[in-house]
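Chain and residue survey
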Amino acid sequence: MPSTWSRLATMQDLFFRQFVLRIPHAFSLLARVLYCTLLCMICTASFAQESITYDIQGVEDSKLRNNIRLHLNGLDVEKALLTDPYWQDEVAEAVATAVQPYGYYNSETTVRIQEGDKVAVMVALNTPLTINKVTREIIGAGREDKAFRERFNSLKLKEGDVLNQTIYESFKSSMFNYALSNGYFDYFWQATRLDLVRDEKQANVLLIAQSGPQYQFGELKFVGDDKAREIIERLKPFKTGDAYSSAILGDFNRSLNQSGYFTRVIARPVVSDAEGLLVPVEVSLLHRPTDAFNVSVGAATDTGPRVRLGWERPWVNDKGHSISSDIFISEPEQSVTADYRIPMRNITRDYASIEAGYQFIEYSNTSFESETLSLSAHRYWQSDDSPWQHDGSITYLRETYDQGEISTNTTSLVLPGYSLTYRDKDSELNVSNGAYLQMLTQVGREGYGSDINFAKAVAEAMLIRTFDDVHRITIRGEVGAIKTNSFDDVPTSLRFYAGGDQSIRGFEYREISPQAEVIDPETGELETDSIGGKYLFTSSVEYAYQVADNWRVAAFIDAGTATNDTSTTLSYGVGPGVHWLSPIGPVRFYIARGFSPDENTWDIHIMLGPEL
């Protein structure tokens, strides 16, 4: 293969044969110039310029050093040329340009060529310019606005500080944005100046702002169907005449989108349509369909495959009432529930609910059957900017339960109750960090709609934390207690059981509890079975390590019991696990060894869906 130089020689010969020898002698000099130019271009294209690594010395501040390197990398120069005084001056000029925004207007730079591709750039920053005087003034309504004045006076450059032009420029931009965000739509800088007195190594700052008037919220204007006017007016966090604030308008938009009534909704100010200082707020919206349906599926070793069918009508009337219904189907449990919701003051956080439900449960690993009818009224409320949701309720429950053929009973209860719930998570499906806490209490009084005296309290919590994106810790716990004058008449669905996927792994669902001899309805023989207890305690710690993008390996230990005697020995479950972070949620697989006072067991647990 011909070398680069031989190719250049061939091109040279071709150039002279085709052009130089065929033109008059008077133009031969011009041709030679063109030839040289062409040759230089070919040489430049043929040989890639060496990259240079600059070793910047004498500068400790990382921001300054990075800015110097950025400017030096912009120089189009070969290392061999840096011995030339011209290019050394270019390097010094690049360094000076990089450090001047930080107040160093008297820097000195020398260049020294090192071995390899490195070039030492030695910088002497020398004495920086300092702020001698800062002159600020507000003209207009902002002068009387305390928050505006505090924001305007928050410039971080004070007398005696080293000049930093990035702070100066950033303040001008942020002040302008602040003014617009708080209704000063006519704001402008009447005068801004940065005077540099290099001989005295000083700088003077001048900032004069013309704020103009502060505009106010006007009336709502609707684009599209306005049947939601009453609901939107109740969600509105401002009154006509209140000072405009983009933060308040942002809260309004969040409330609208969280209300559940709209497919799309946005509220924005229309400054061009302002009447005096009143700025109308335009609300563009698209209502949700009259009826919405959803289907969700899941699986766990406790319940097997499960399906939930949902229906919702978000608009029953122009007051914002809504109705929804769920059908839940699994092998041991089937239920139907309906919920009629009435919004109160705050649509998304403050509402009343009337719920009705039917549930049938039959567990294959026990002789327990239960059929429950319930009707309850709830009053939910949650303070603004608070993650805590309150629920005051009253529930009528009628349950017929069959524990084999020894105990068949029907109990009716009227239960006033209260619960407090906290939930926070960083993802709906694959949770890396999250927390959950719920505390619930219910009471019933014999002679006041209940067949027995009854009181129940339960608290459950879960904490998930991930460290360095790979170490995941899950801590879970639950405690509960029942007090009654006739525990035999307490419906078995209200008693406490332990064991299973979400309790103590290594045991079957509801396997851990006080036991009694009952008749198996299929065989007619006596067998020992769990009948539920007065007290509950469970705890769990799990560690998982992410070994690939969608895979984690895990290890856990669970402990707890459900009992009538608080001195009962705890049961334990330990084992390894694997998590697959699938597109539809995590799939968790565990092999668990259970240890209890009576027996040791093995079990496999498979769960599909998020923990929180």
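Above this text is the structure in question.
Brief notes about empty space enclosed by the protein
All chains considered together, the criterion is met by one cavity of 30 Å³ or more. If you add up the space inside the largest cavity, you get close to 130 Å³. Lining the largest cavity are 13 residues, with Thr474, Arg476, Arg505, Glu542 and Arg588 sitting closest to its centre. A class-by-class count of the residues in the lining of the largest cavity yields three nonpolar, three polar and seven charged.

Re the environment of Pro586
Tracing the backbone through its elements, the reader meets Pro586 in strand β26 (residues 585–595). Separated by 155 residues in sequence, Pro586 and Val431 place their C-alpha atoms 9.0 Å apart. The residues contacting Pro586, other than those within four sequence positions of it, are Leu429, Asn430, Trp580, Leu581, Met607, Leu608, Gly609, Pro610 and Glu611.

Observations regarding unusual backbone geometry
For Asp469, which is not glycine, the phi dihedral falls at a positive 70°. Residue placement: Asp469 occurs in the loop between β19 (454–467) and β20 (471–484). Here the phi dihedral of Arg510 falls at roughly 65°; this positive angle occurs in a residue that is not glycine. Mapped onto the secondary structure, Arg510 falls in the loop between β20 and β21 (515–519).

What to know about the nonpolar core
Residues Tyr54, Ile68, Leu72, Leu82, Val91, Val95 and Val121 are the most contacted members of the largest nonpolar core, which totals 23 residues. Those elements giving two or more residues to this core turn out to be β1 (53–57), α3 (62–73), α4 (85–99) and β3 (118–124). Residues within four places of Val95 in sequence aside, it is in contact with Ile68, Leu72, Thr109, Val121 and Val123.

A word on the packing of aromatic side chains
If you walk through the whole model with that rule in mind, you get 22 aromatic pairs. Seen in terms of ring centroids, Phe148 and Tyr187 are 6.2 Å apart; in terms of plane orientation they differ by 55°. Their pairing is tilted. Residue Phe148 is located in helix α5 (residues 146–152), and its partner Tyr187 is located in the loop between α6 (165–181) and β5 (188–197); the two are separated by 39 residues in the primary sequence. Comparing Phe148 with Tyr187, the two get one shared label, buried. Note on Phe217 and Phe238: the rings are 3.9 Å apart at their centroids and 10° apart in plane angle, and the pair reads as stacked. Taken together, the residues span a long stretch of sequence, with Phe217 in strand β7 (residues 216–223) and Phe238 in the loop between α7 (229–235) and α8 (246–258) at a distance of 21 residues. A relative accessible area of 3% means that Phe238 is categorised as buried.

What about the packing of α3 against α4?
Direction vectors running N to C along α3 and α4 enclose 140°, while the axes themselves pass 8 Å from each other. The orientation of α3 relative to α4 falls into the category oblique. Of the two possible hands of crossing, α3 and α4 adopt the one that is right-handed. Each of Leu64, Asn67, Ile68, His71 and Leu72 in α3 lies in contact with α4, whose residues at this interface are Val91, Ala94, Val95, Thr97, Ala98 and Val99. Per-class residue counts for the contact of α3 with α4 are eight nonpolar, three polar and no charged.

Some thoughts on the sheet that holds β7
Taken in spatial order, the three strands line up as β7-β9-β8 in an open sheet, and their pairing is mixed. The open sheet has two edge strands with one neighbour each: β7 and β8 (262–269). This sheet shows a mean twist of 20° between the axes of neighbouring strands, independent of strand direction. Strand contacts of α8: β7, β8 and β9 (278–287), with the helix running at about 165° to β8, the strand carrying the most contacts.

Topic: the pattern of salt bridges
As enumerated under the stated definition, the model contains 15 salt bridges in all. A salt bridge links Arg313 to Asp291, with the shortest nitrogen-to-oxygen separation between them at 3.0 Å. Here the residue Arg313 occupies a position in strand β11 (residues 304–313), and Asp291 occupies one in the loop between β9 and β10 (292–300), the gap between them amounting to 22 residues. On the basis of relative accessible area, Arg313 is assigned to the partly exposed category, the value being 31%. In this structure, Glu542 engages Arg505 in a salt bridge whose closest nitrogen and oxygen atoms are separated by 2.9 Å. Of this pair, Glu542 sits in strand β23 (residues 535–548) while Arg505 is found in the loop between β20 and β21, placing the two residues 37 residues apart along the sequence. Each member of the pair Glu542 and Arg505 is classed as buried.

Here we look at the side chain of Glu611
Assignment of secondary structure puts Glu611 in the segment after β27 (600–608). There is a polar contact of 3.1 Å between the side chain of Glu611 and the side chain of Arg472. When sequence neighbours within four positions are dropped, the list of residues in contact with Glu611 reads Met462, Ile464, Arg472, Pro586 and Arg588.

A word on the pairing of β19
Two strands pair when backbone bridges link them, and strand β18 (residues 434–444) and β19 are joined in this way by eleven bridges, in the antiparallel orientation. When the sheet's bridge partners are listed, Met439 is paired in β19 with Ala459. Note that β19 and β20 share 14 bridges and pair antiparallel. In the strand pairing of β20, Glu460 is matched with Glu478. The hairpin turn running from β19 into β20, its antiparallel successor, is three residues long, and Asp468 in that turn takes a positive phi close to 55°.

Re the layout of surface pockets
If you add up the space inside the second largest pocket, you get close to 430 Å³. Residue lining of the second largest pocket: 15 residues in total, with Asp251, Ser255, Asn346, Arg349 and Asp384 positioned closest to the centre. Residue assignment for the lining of the second largest pocket shows that the elements contributing at least two residues are α7 and α8. Each residue belonging to the lining of the second largest pocket can be placed in one class, and the counts come to three nonpolar, four polar and eight charged.

Definitions and limits used
Residues numbered from 1 in each chain as written. Predicted model: local features only at pLDDT ≥ 70, side-chain atom pairs only at ≥ 80, totals over all residues. Heavy atoms only, no water. 1 Å grid on protein atoms, 1.4 Å probe; cavity = no way out; pocket = protein on both sides within 12 Å on 5 of 7 lines; lining within 4 Å. Points joined across faces, edges and corners; volume = space filled by probe spheres on them. Nonpolar A, V, L, I, M, F, W, Y, C, P; charged D, E, K, R; others polar. Helix = DSSP H or I, 4+ residues; strand = E, 2+ residues; numbered from the N terminus. Contact = heavy atoms within 4.5 Å. Core = buried A, V, L, I, M, F, W, Y, C linked by side-chain atoms within 4.5 Å. Buried < 20%, exposed > 50% of the residue type's maximum accessible area, 1.4 Å probe, protein only. Phe/Tyr/Trp six-rings, centres within 6.5 Å; stacked < 30°, edge-to-face > 60°. Axes fitted to C-alpha atoms, helices over the stretch in contact; angles between N-to-C directions. Parallel < 35°, antiparallel > 145°, perpendicular 65-115°, else oblique. Left-handed = near helix turned anticlockwise from the far one by under 90°. Pairing = 2+ DSSP bridges. Salt bridge = Lys/Arg side-chain N within 4 Å of Asp/Glu carboxyl O. Polar contact = N/O pair within 3.5 Å; in protein donor to acceptor, adjacent residues only side chain to side chain.

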